[in-house]
Amino acid sequence: MRRPHDTEPAAITASKDALKARLKALVRAQMGATGDWHPLSPGQESLWFLWQMAPESSAFSMAFPMRIKGALDREALERAFAALVARHACLRSEFSEAGGKVQQRGRSDHQIRIEHRESASWDEEALQQDLEKFARQPFDLRQDASLRARLWMRGENEHVLCLVLHHIVGDLWSLVVLMDELRALYGAMRKGSTAPSAALSKLPELPELPVTYADYVRAMHLAQKRSVYQPALDYWAGELPSDLPSLDLPSLDLPTDSPRPARQRFKGSTVFHTLEASLADEVEAFARAHDTTVFVVLLAAYQTLLHRFSGQAQLLVGTPFSGRHLPGTESIIGDFINMLPLRADFDETPTFATHVAALRDRLLQAMKHQAVPFAQIVDRLAPARDLSRPPIFQTTFVLQKFHRYEVLQNAFLPGKGEAPVPFADLELSGLALSQQAGQFDLNLEMKRDSHGRLQAAWKYDTALFTAATVENMASCFRVLLQALIRSPDMQVARVPLLNSAESAAVILAAEGPHRAAPPQKSLAALFEDWAQKTPQAPAIACKSQQHSYASLRDRMQQLARALSARGIARETMVALVLPRGCDLAVAMLGVARAGGAFLPLAPDTPPERLKQVIALSQSYLVLTSQTGEAEIRAVLDALPAAATAADAPQVVSLETLLAEEHHSDLPALPQDHDLAYMIFTSGSTGTPKGQ
C-alpha cells in the first residue's frame, strides 16, 4: 500500500503543469488568435518604412562585438546558437509585402549559423576593419535573416564574436535575453547535451515561453481596435499640443558644422567619454537628496546642455521605455522598445533643482501612459513631414541598466579596465565599435561601469557634425553636470560650460596675438605722402575750381607758413567760418599742417551761437572769406567786455593769408595724438558742448 506522500510530488507537478497550460491559454486568448503569417507591430511598420527609404544603411542594426578568453568549444557554441534560433521565432523572421500590406512569420528553414574566420595572423587594425565592415553590412529584410554572427579565431584561447541584430526583430533588452540564454545553452552543451532540443528540454532556467512575439503583436492591434490606448493618446496630445507646430513641437536646432541635407543620410559616428567615479558619486548623492533617480538627473543635465547650445526654450528628448507591459513578454526576443518624448521647458529660466523636479513629474506621467506605441502618437499629432529629420524629436538619451545578466553590462560601452563577464567557463570583454550609422542628430548613451565611472557614447550624424564639435559638447557636459549638481539653486542659464582654464584660453584666443600698434600719422602727413605718390591725380573739384594733389599740397603748405607766422602752433584752435567747398578743404589741411586744430562753423550760423561757440572754444584765430570778414568782426566785437584785445581772436580772410609770401621753413608735422579738430553739439541744457 502506497503512502500519500509518495504520490504527492507527482500530483503537485501535474497540477502546476495544468495551471501553467491554463494560464498560457488565457493569456493567448486575451491577446487574440494565433496563426502563421501575422502583421507587424506599429514600431516594426515604422522600421520597415525607414528601411525602404535607405536599404543600404545600417542605422537600424545593433552590433555587439565581444572578445572571448578561454578554451572555447566552437561546436558547443554552434549547437547552442542553433538552439537559441529554434527557440525564438523572431530570429527566423521573414517578411512579405503585398498590396501595401506587410506581414511576417518565423521560417523553420532559415539557416542562421555562425560564420567562422581564421584571423590568428591578423593585427588588431586588420581585425577592427573587418569587424566594422561586418557590423556595417546592411540587411535585406525581404531575403535575409535579421540576425547574423561571425567568429574570428585569434588563437587557441582567444576568439572574437560579433552578433548583429536588426531592430525590426529585437531591441537591447532582446540582446540581453539572447546572450543570457546563449550562455545557459552553451553551458548545457558543454556538459554533454548532444542536440539543441535536448538542451532545451533539460534546462529549468529556460522554461517554455508562455507567449510569442506574434501574440504580442496581435494583442497590440486588438487593443488599438478597442481604443484601449485612447486615454494615453489624449495625454500625449495635451503634453505635445500640435496647434502651433513651430512653437509647441520644436525641432532641435543645434549649431551644425554643415547644412542639413534635404533627406536624412543615416550615417554616423561615435565619440566615447568617461566621467570619473567621484563625479558619478556626486550625481547619485544629488539624486537621493532630491528624491529622484540618477536617470532623471543625467537627462535633466543633458536637456540643459541642449538648451545652452541651441538657445531653445522648449526641447523634446526621446527616451526608451521597455514596451513589455503585457504578461509573459519578459523573456521574448522582439521589437518591444517604445521611444517616447520628454519635454523640457526653460521659458522661466529655472534653476537646476526646479528643472529636475519638473522632469521627475513629467517622467512619472509618461510612465503611466507608456503603453501607446510612439507611431500612434505621431499619427495623432500629425506633424509636418520632413525627410531631413525624424518626427517629434531629433535626439535621445539612454541610461543602460540591464534587467537580467547584469554583469553583461560590463561589455556594453566598455570602459578601460572593465571587469570581464563570466560566460560559462569563459570570460567576455566588450570591444568599442564606433557607430557607423545615425538615426538621430545626436544620441547620448550612458552607463555606470564596474569601477563606478560613467561611460558615455555620443552618437552623432556625420552629415551635421564633426568629431571635434561633439568632443567639445562632451567636455562641456562634464563641466556643466558638475556645476549643476554643486549649484542647484543657480539659474541654468548662468551655470558655466567651461572650466576656468578653458575660459581663459577662449578669452585669450578671442583677443588674438598681442602686437604693438603700428605707428600712426597725422592727417597732414598722410596727405603729403599721398601727394608725393600721385602728384598729378585730381584731388578735389568744386564748381569752378579743381586741384591736383600737388596743387592742393602747395596751397596747404603756403597757408601753413602764413598761419605759423601768425602764432598758430601745436593744438592752437582755429575757427573756420567758410562755406563747403575747395576753400574749406584748403583751410582744414593748412591748419592741420601748421599743427593747429580746426573748428568748422557754417557761415549762416546765428550770430549769437557763433559768438558763443567761438568764445567757448577759445579760438586763437578765425579764418573766413573776404566777403564774410566784416560780418564776423561785427559779431566778435560783441564778445563780453572781459575779452580784451590781447585775448580776442584774430579775424583774417583765407585770401589774405594765401596772398602773403613766407619763405620760412614749414612747421614740424603734428603727432598722431595731437588735437586735430573740435565739433560742438547743441547740448541737452541748451549750452553748446564741444568734443
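Predicted model, so just to flag it, every value in this text is computed and none were measured. (Residues numbered from 1 in each chain as written. Predicted model: local features only at pLDDT ≥ 70, side-chain atom pairs only at ≥ 80, totals over all residues. Heavy atoms only, no water.)

### Quick look at the overall build of the protein
Here comes step 1: Regarding its fold elements, the protein presents 21 helices and 23 strands.
Here comes step 2: In the protein, which comprises 691 residues, the proportion classed as buried is 49%.
Here comes step 3: Within the protein, residue pairs in contact and separated by at least 24 positions form 76% of the contacts whose partners lie at least 6 positions apart.
Here comes step 4: Counting only carbon and sulfur atoms, one obtains 53% of the accessible surface of the protein, whose full area is about 33400 Å². (Helix = DSSP H or I, 4+ residues; strand = E, 2+ residues; numbered from the N terminus. Buried < 20%, exposed > 50% of the residue type's maximum accessible area, 1.4 Å probe, protein only. Contact = heavy atoms within 4.5 Å. Areas by Shrake-Rupley, 256 points an atom, 1.4 Å probe, with all protein chains shown as cover.)

### Digging into helix H5 (residues 172–190)
Here comes step 1: Here H5 spans 27 Å end to end across 19 residues, near enough to the 27 Å set by a 1.5 Å rise per residue.
Here comes step 2: Within H5, 14 of the 19 residues are buried, which leaves the element mostly enclosed by the surrounding structure.
Here comes step 3: Where H5 ends, the next residue or the one after it, Gly 192, has phi of about 125°, a positive value. (Expected span 1.5 Å × (residues − 1).)

### Comments concerning the environment of Gln 532
Here comes step 1: Along the polypeptide, Gln 532 turns up in helix H16 (residues 523–533).
Here comes step 2: Separated by 18 residues in sequence, Gln 532 and Ala 550 have C-alpha atoms that sit 7.6 Å apart.

### Details of the pairing of strand E13 (residues 426–430)
Here comes step 1: The alternating pattern of E13 places Leu 426, Leu 428 and Gly 430 on a buried face, while none of Glu 427 and Ser 429, on the opposite face, is buried.
Here comes step 2: With four bridges joining them, strand E2 (residues 61–69) and E13 adopt antiparallel strand pairing. Looking at the pairing, Arg 67 lines up with Ser 429 of E13.
Here comes step 3: Here three bridges tie strand E12 (residues 421–423) to E13, and the two strands are oriented antiparallel to one another. Counterpart to Val 421 in the pairing with E13 is Leu 428. (Pairing = 2+ DSSP bridges.)

### With respect to helix H2 (residues 42–53)
Here comes step 1: For H2, which comprises twelve residues, the first-to-last C-alpha distance of 17 Å matches the rise-based estimate of 16 Å (1.5 Å per residue) to within 8%.
Here comes step 2: Looking at the buried positions of H2, the neighbouring elements they touch are strand E3 (93–98), strand E4 (101–106), helix H7 (213–225) and helix H13 (374–381).

### Some words on the packing of aromatic side chains
Aromatic rings considered in pairs are described by the distance between their centres and by the relative angle of their planes.
Here comes step 1: Enumeration according to the criterion identifies 20 aromatic pairs in this entry.
Here comes step 2: Ring centres of Phe 402 and Phe 412 lie 5.2 Å apart, and the angle between their planes is 85°; on these two criteria the pair is classed as edge-to-face. Of this pair, Phe 402 sits in the loop between strand E11 (395–399) and E12 while Phe 412 sits in the loop between E11 and E12; the two residues are ten residues apart in sequence, bridging distant segments of the chain. Residue Phe 402 shares its accessibility class with Phe 412, and that shared class is buried.
Here comes step 3: Within the aromatic cluster, the residues linked to one another by ring pairs are Phe 295, Tyr 302, Phe 397, Trp 458 and Phe 477.
Here comes step 4: The positively charged end of Arg 148 is found above the aromatic ring belonging to Phe 134, 5.5 Å away from the centroid.
Here comes step 5: The ring of Phe 139 has Arg 148 lying over it, and the distance from NZ or CZ to the ring centre is 4.1 Å. (Phe/Tyr/Trp six-rings, centres within 6.5 Å; stacked < 30°, edge-to-face > 60°. Lys NZ or Arg CZ within 6 Å of the ring centre and 35° of its normal.)

### What to know about the pattern of salt bridges
Here comes step 1: Under the defined criterion, the tally for this structure stands at 39 salt bridges.
Here comes step 2: A salt bridge links Arg 87 to Glu 181, with the nearest nitrogen and oxygen atoms 2.9 Å apart. Of this pair, Arg 87 sits in helix H3 (residues 74–87) while Glu 181 sits in helix H5, and the two are 94 residues apart along the sequence.
Here comes step 3: Arg 404 serves as the salt-bridge partner of Asp 180, at 2.9 Å between the closest nitrogen and oxygen. Of the two residues, Asp 180 is situated in helix H5 and Arg 404 in the loop between E11 and E12; the sequence distance between them amounts to 224 residues. The exposure classification of Asp 180 matches that of Arg 404, with both residues buried.
Here comes step 4: Three or more residues joined by partner-sharing salt bridges are found here, namely Arg 67, Lys 69, Glu 124, Arg 154 and Glu 158. (Salt bridge = Lys/Arg side-chain N within 4 Å of Asp/Glu carboxyl O.)

### Things to note about the sheet that holds strand E18 (residues 573–577)
Here comes step 1: The sheet built from four strands is open, its strands ordered E19-E18-E20-E21 with parallel pairing. Because the sheet does not close on itself, it has two edges, and the strands there are strand E19 (597–601) and strand E21 (650–653). When the angles between neighbouring strand axes are averaged without regard to direction, this sheet yields 25°.
Here comes step 2: Its contacts with the sheet put helix H20 (residues 629–637) on E18, strand E20 (621–624) and E21, and the angle it makes with E21 is roughly 170°. (Axes fitted to C-alpha atoms, helices over the stretch in contact; angles between N-to-C directions.)

### Quick look at the nonpolar core
Here comes step 1: Within the largest apolar cluster, 148 residues are counted, with the highest numbers of intra-cluster contacts made by Met 179, Tyr 302, Phe 352, Trp 458 and Phe 477.
Here comes step 2: Ignoring anything within four residues of it in the chain, the contact list for Phe 352 reads Phe 286, Val 297, Ala 300, Ala 301, Thr 304, Leu 484, Ile 485, Pro 488, Met 490 and Val 492.
Here comes step 3: In terms of nonpolar packing, the next biggest core, distinct from the first, is built from 30 residues, Phe 527, Tyr 549, Leu 584 and Leu 589 among them. (Core = buried A, V, L, I, M, F, W, Y, C linked by side-chain atoms within 4.5 Å.)

### Looking at the packing of helix H8 (residues 230–239) against helix H12 (residues 352–368)
The relative placement of two packed helices is expressed as an angle between their axes plus a distance between the axes.
Here comes step 1: Relative orientation of the contacting elements H8 and H12 amounts to 150°, with a least axis distance of 10 Å. Taken as axis vectors, H8 and H12 run roughly antiparallel relative to one another. Facing H8, whose interface residues are Tyr 235, Trp 236 and Glu 239, H12 presents Arg 362, Gln 365 and Ala 366.
Here comes step 2: Taken together, the residues of the contact of H8 with H12 sort by class into three nonpolar, one polar and two charged. (Parallel < 35°, antiparallel > 145°, perpendicular 65-115°, else oblique. Nonpolar A, V, L, I, M, F, W, Y, C, P; charged D, E, K, R; others polar.)

### Considerations on the state of the cysteines
Here comes step 1: In total, this model carries one disulfide according to the counting rule given.
Here comes step 2: At a sulfur-sulfur separation of 2.5 Å, the disulfide partner of Cys 542 is Cys 582. Because the sign of the S-S torsion sets the handedness, a value of about 105° for the bond joining Cys 542 and Cys 582 places this disulfide among the right-handed ones. Of the two residues, Cys 542 is situated in strand E16 (residues 538–542) and Cys 582 in helix H18 (residues 582–594); the sequence distance between them amounts to 40 residues. One exposure class covers both Cys 542 and Cys 582, and it is buried. (Disulfide = S-S within 2.5 Å.)

### Quick notes on the side chain of Arg 453
Here comes step 1: Note that Arg 453 resides in the loop between strand E14 (442–448) and strand E15 (454–461).
Here comes step 2: In terms of polar contacts, Arg 453 uses its side chain to reach the backbone carbonyl oxygen of Lys 416, at 2.5 Å.
Here comes step 3: Engagement of the side chain of Arg 453 in a polar contact is seen with the side chain of Asp 449, the distance being 2.7 Å.
Here comes step 4: Beyond its immediate sequence surroundings of up to four residues, Arg 453 is in contact with Thr 274, Leu 275, Glu 276, Ala 277, Gly 415, Lys 416, Lys 447 and Arg 448. (Polar contact = N/O pair within 3.5 Å; in protein donor to acceptor, adjacent residues only side chain to side chain.)

### Digging into unusual backbone geometry
Here comes step 1: Notably, Phe 266 is not glycine yet its phi reads approximately 55°, a positive angle.
Here comes step 2: Mapping Phe 266 onto the fold places it in the loop between helix H9 (245–248) and strand E8 (268–275).

### Description of the packing of helix H19 (residues 607–617) against H20
Here comes step 1: Running from N to C, H19 and H20 point in directions that differ by 70°, and their axes come no closer than 9 Å. When the axes of H19 and H20 are compared, the pair comes out roughly perpendicular. In this structure, H19 contributes Pro 607, Leu 610, Lys 611 and Ile 614 to the contact, and H20 contributes Ile 632, Val 635 and Leu 636.
Here comes step 2: Residues that form the contact of H19 with H20 fall into these classes: six nonpolar, no polar and one charged.

### Structural notes on the sheet that holds E2
Here comes step 1: Sheet architecture is open: six strands sit in the order E5-E6-E7-E2-E13-E12, paired in mixed fashion. The open sheet has two free edges, formed respectively by strand E5 (114–118) and E12, since each of these has just one partner strand. In this sheet, neighbouring strand axes are inclined to one another by 30° on average, regardless of whether the strands run parallel or antiparallel.
Here comes step 2: With nine bridges joining them, E2 and strand E7 (residues 158–166) adopt antiparallel strand pairing. Note on E7: the bridge partner recorded for Ser 61 is His 166.

### Concerning the confidence of the model for the protein
Here comes step 1: For the protein, the average pLDDT comes to 87, and 90% of its residues sit at 70 or higher.
Here comes step 2: Residue range residues 1–8 is modelled with pLDDT below 50. Its contacts to residues more than four positions away, or to other chains, number one contact. (pLDDT = per-residue confidence, 0-100.)

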